Every structure is written in C-alpha cells, then in structure tokens.
Amino acid sequence: MSKVLTVNYEGKPCYDIVLDDSFGALKERVAELGFEGRKICIVTDTNVKPLYSDDIMNLLEPISSAIYTYAIPAGEANKNLGEIEKVYEFLIERHFDRHDLIVALGGGVVGDMAGFVAASFLRGIAFIQVPTTLLAQADSSIGGKTGVDFNGYKNMVGAFYMPKLVYMNLSTLKTLDGRQYASGFAEIMKHGLIKNEKFYIWLIDHIYEINDKDPDTLIEMLYESCTVKKNVVEKDPTEKGDRALLNFGHTLGHAIEKHCNFELFHGECVALGCIAASFISWKRELISKEDYYEIRDMFVPFNLPISVENIDIDEVIKLTKSDKKADSNTIKFVLLKKIGKAFIDTTVTEDEMRKALEEILWVEDDE
Ligand code: GLY
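Residues numbered from 1 in each chain as written. Predicted model: local features only at pLDDT ≥ 70, side-chain atom pairs only at ≥ 80, totals over all residues. Heavy atoms only, no water.

Can you help me understand the overall build of the protein chain in this one?
For the protein chain, the helix and strand inventory stands at 14 helices and eleven strands. What you see for the protein chain is a C-alpha radius of gyration of 20 Å, in line with the 21 Å of a compact globule of 367 residues. Along the longest, intermediate and shortest principal axes, the C-alpha atoms of the protein chain span 65 × 45 × 45 Å. By the burial criterion, 54% of the 367 residues in the protein chain qualify as buried. By sequence separation, contacts in the protein chain at least 24 residues apart represent 75% of the contacts at least 6 residues apart. Summing over all exposed atoms, the protein chain offers an accessible surface of approximately 15900 Å²; the carbon and sulfur share of this is 47%. Looking at charge distribution, the protein chain has the averaged site of its 41 positive side-chain charges lying 7 Å from that of its 59 negative ones. (Helix = DSSP H or I, 4+ residues; strand = E, 2+ residues; numbered from the N terminus. Rg over C-alpha atoms; globule rule 2.2 N^0.38 Å. Buried < 20%, exposed > 50% of the residue type's maximum accessible area, 1.4 Å probe, protein only. Contact = heavy atoms within 4.5 Å. Areas by Shrake-Rupley, 256 points an atom, 1.4 Å probe, with all protein chains shown as cover. Lys, Arg positive; Asp, Glu negative; His and termini not counted. Charge placed at Lys NZ, Arg CZ, Asp CG, Glu CD.)

Laid out in structure tokens, this is it:
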C-alpha cells in the first residue's frame, strides 16, 4: 500500500510526499523528476550509511551518470558549518553542477544539513528527502526548513528551501530504536493536539497497533500527521504566522533539551513541553482538567516521559528567552483553546511557566 500527498508552495504544486513500505518506487520518481543521467550524491550519516546507503546506490545507479555517498559523522554535535564545508568540498572535487541531485538519507540532522548544502551550493541545487526516522518523517523532512546549529544555538543558520520530493519508506521504522521511535511519535501527537482532535482520538484508540508498528496503522498515522504539517506549511511556508503553531511544546521543550545537555531526545522534551503548555491552558480555563490529565497520561503508553528530574526551573526559564523562537523580548508560546485548536500567545508569564515546570518536575517521595 502506498499513499501520496502533494505539498503546494506559493499556490502551485511543489513536491510530493510518498508514503511507501519499500524504496521500490524511488528510482521511477527520481527519473520522473528529470534527474536521469545526472550525478547524485547521497548525503547521510555514519549510522544510517551501513543500513540503507548501498540499497539506494544500487537502486539509483542505473539512472545516474555517477553516484556517491557522503557520510557526516552522526549526531547533533556535528550539525555545524565545519561539516557543511566538507560536503561542499566533496561535491566540488566530483564536479557537481547545478543540474545534479542531492539525496538526504537519514534523520532530522541529516535532512537539515543536506538541505542546507542544497540550498547554498552553487546558489541552490535540487535535493530530495528520504527520511528514515519517525521524527524526520513526521516533521523535519516536510516544509523546507534547512540549517545548522551555531555557537550553541539550535538551527541558528539556515534557509527555507523546498525539496523536489519527500520519499518515506516506512519499513525503515522497523529497525528504529525504541526511544527514537517514541521521540518521533511526540511530534505526531503534537499534530493531533494543535489541529485535529479526531486524529488525536484515533491515536489513543490505536496505541497497541502504533507500538507494534503495524504497517497499515503506520501509513494511516503518517498520512494524517503529514496532512496536518502540509496544511500548516502551505498556508505559512516561512513562519510569518501560523507555522509557529508547530512549535507547540517547543518553547519549554527546547529549553529543557538544552538544559539537560541534549541527554534527553528532542521528542521526549517536546512531550514534556506539550504537557507544560497544556497545563497552562488548563490553568487559564481554556481546556478542562480532564482534558489536561488525558493529554498528560496519553504520553505514558507511548513510552514518553511525563516528568523530568534534576532541572533547575529558573535556568530553564532563562533558556526560553535565548531561544531563537523568542521574538526580541517576547516569548511566543503556543497554547490550546481546545484539543485540536492551538493559538499563539505572547502573554505567558514567568510565574505560569514556573508552575508548569513544577508540575512536570519529578520529586522523589520521602515516604
Ligand atoms: N518543525 C517545525 C516546522 O517545521 O516549522
């Protein structure tokens, strides 16, 4: 079974998101896009290279004039301009020109970096996203955000640059580590919470199938999740307004992630951030107490944390102010009007944040 969504950009069809259970249709897709006879560079990382790079090389080799793989050392610590320069050098040495193609194969870090290389090399060369983690499939491969971290700030340098195709082989999820899978799921849950209550309920009703990675459930789940993301980025591709709704759970989530020195996964911090933002929404009487507790507790069966230990609340609050998403001195918070309806609010106080962080702070019981 396969499904396709088309993402529009500036009112015109721009790229397809293909959801499939193999890499089988990738060659045909790449040829259809006009890259037959062109050079291809698969940009991946050292973790993903041994898993899928040979498969993709063998698949695309018959239609390309020359195909190469470049592996960035795995991990967020390498998401920097120094590593980008090395990819430029690799492409220059192999005489890549503006008509050739980059294939971003891997998780969110690879997608952002390969996309940034594509956006900037020769003022822009085509790229396609082949995301292999749930986080990249649900979130980062869609919408054209590319970039690197800079001086300790996440995604500080980058560009909006659209891929020519997003090709998801959902069977890659079978071998994905459990924590990584749960981390990606947090972004999916977020999509239900901000835009689609029916989808949120569907997720709760399919806990077992989702945790078992049942193929039909996965394709349906990602189709609905990608539809939310597609609709948001189509309306506001460069985050002038509503795209910021996708940052639900990210204001405090990013601050916790940084405070914990990236020892917690991104999605784990997003889950904590979603709980904190839902708590503030409840305290403002926007959602009910029952809704709040349901949201919080629903992260548990999906193997996501609902509390965190050893955080310094003042430090976390301080970090929210240095986040790129803070507009000069105003913190853009995303709250829930109801489940499935989020809005941007710039009036959340330090006191509200403190109480929300106290709610998720795990304190050992003395008794
Ligand atoms: N990950 C949020 C966005 O793409 O805007």
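What is the right way to look at a positive patch on the surface in this model?
Where like charges cluster on the molecular surface, the positive patch consists of K195, K235, K337 and K341. Examined against the element boundaries, K235 turns out to sit in helix α9 (residues 215-235). (Patch = residues over 30% accessible without salt bridge, like charges linked within 9 Å, V, L, I, M, F, W, Y side chains within 5 Å. Salt bridge = Lys/Arg side-chain N within 4 Å of Asp/Glu carboxyl O.)

Would you mind showing me how to read the side chain of E268 here?
For E268, the location among the structural elements is in helix α11 (residues 266-283). Setting aside its immediate chain neighbours within four residues, E268 contacts R179, S183, L304 and P305.

Please clarify how the site of the ligand should be interpreted in this entry.
The immediate surroundings of the ligand are formed by D139, K145, K229, E239, R243 and L246. In the model, an oxygen atom of the ligand is placed 2.5 Å from a nitrogen or oxygen of the K229 side chain. Class assignment for the residues of the shell around the ligand results in one nonpolar, no polar and five charged. (Near = heavy atom within 4 Å. Polar contact = N/O pair within 3.5 Å; in protein donor to acceptor, adjacent residues only side chain to side chain. Nonpolar A, V, L, I, M, F, W, Y, C, P; charged D, E, K, R; others polar.)

I'm lost on the packing of aromatic side chains in this one. Help?
Two measures describe an aromatic ring pair: the distance that separates the ring centres and the angle between the ring planes. Within this structure, the stated rule accounts for 13 aromatic pairs. Centroid distance Y88 to F121: 6.2 Å. Interplanar angle 20 degrees. Geometry classified as stacked. You can see Y88 sitting in helix α3 (residues 81-93) and its partner F121 sitting in the loop between α4 (108-120) and β6 (126-131), a full 33 residues away along the chain. In this structure F121 comes out as buried when scored by relative accessible area, which is 6%. (Phe/Tyr/Trp six-rings, centres within 6.5 Å; stacked < 30°, edge-to-face > 60°.)

When you look at the environment of P301 in this model, what are you seeing that I'm missing?
Within the secondary structure layout, P301 lies in the loop between α12 (289-298) and α13 (313-321). When its relative accessible area of 29% is taken as the criterion, P301 is described as partly exposed. Remark: the alpha-carbon pair of P301 and I204, spanning 97 residues in sequence, is separated by 9.3 Å. Discounting chain neighbours no more than four positions away, the residues touching P301 are I207 and N211.

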